[in-house]
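Descriptive analysis of the structure
Residue strings, one per chain:
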Amino acid sequence: MQAEDVKKICAELYELNMPGQLIGKEVVDSKARRIGIVRNLRVSMPPIKTELIVKGLDVEFPVNIENISAVGTVIQLNIAVKEAEEIEIHDILKLRKEIWDEVKNCFEG
């Protein structure tokens, strides 16, 4: 079997709590800017790759788990993120509600 014959598999993972252990947590970049929240976790293979999908204002972008320096009350990245503008506390609540509504809609049909 050749490399181009291998089908890429991708799964997106969510939690059923908001905020959860990862989903809905604030994400702060290496410049201490609040840039968004974790929308979901994406795992793909081959090769195995795990990313956080971060939702900011009008933008979503992947962050490789190798770029995470700490997980606590916030997710601290060891990189500066240029794709997202800094957000405020009230934006966090708005983004959490948007994600929670999406998750609920998946289960309610």
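Summary of the structure given here. (Residues numbered from 1 in each chain as written. Predicted model: local features only at pLDDT ≥ 70, side-chain atom pairs only at ≥ 80, totals over all residues. Heavy atoms only, no water.)

1. Some details on helix H1 (residues 89-108)
For H1, built from 20 residues, the straight-helix expectation of 28 Å at 1.5 Å per residue is met to within 8% by its first-to-last C-alpha distance of 29 Å. Considered for burial, the residues of H1 that qualify are Asp91, Ile92, Leu95, Ile99 and Val103. Within H1, the buried residues cover an arc of 110 degrees as seen down the axis, which keeps them to one side. Facing away from the buried side of H1 by more than 90 degrees, the exposed set consists of His90, Leu93, Lys97 and Glu108. Tucked into the core, H1 has its buried residues touching strand S2 (26-28), strand S3 (34-45) and strand S4 (49-56). (Helix = DSSP H or I, 4+ residues; strand = E, 2+ residues; numbered from the N terminus. Expected span 1.5 Å × (residues − 1). Buried < 20%, exposed > 50% of the residue type's maximum accessible area, 1.4 Å probe, protein only. Arc of directions from axis to C-beta. Contact = heavy atoms within 4.5 Å.)

2. Looking at the pattern of salt bridges
Pairs can form between side chains of opposite charge once their charged atoms are near each other. One pass over the full model with this rule turns up 10 salt bridges. The salt bridge partner of Arg34 is Glu26, with a shortest N-O separation of 2.7 Å. Here Arg34 falls in the partly exposed class, since its relative accessible area comes to 23%. Lys49 is the partner of Glu51 in a salt bridge, and the nearest nitrogen-oxygen pair spans 3.5 Å. The exposure class of Lys49 is partly exposed, given its relative accessible area of 36%. Among the charged side chains, a salt-bridge network with shared partners connects Arg39, Lys55, Glu60, Glu98 and Glu102. (Salt bridge = Lys/Arg side-chain N within 4 Å of Asp/Glu carboxyl O.)

3. A short note on the side chain of Arg39
Assignment of secondary structure puts Arg39 in strand S3. Here the side chain of Arg39 touches Tyr14 through a polar contact of 2.7 Å, side chain to side chain. Engagement of the side chain of Arg39 in a polar contact is seen with the side chain of Glu102, the distance being 2.5 Å. (Polar contact = N/O pair within 3.5 Å; in protein donor to acceptor, adjacent residues only side chain to side chain.)

All quantities given are derived from atomic positions and should not be read as evidence of function.
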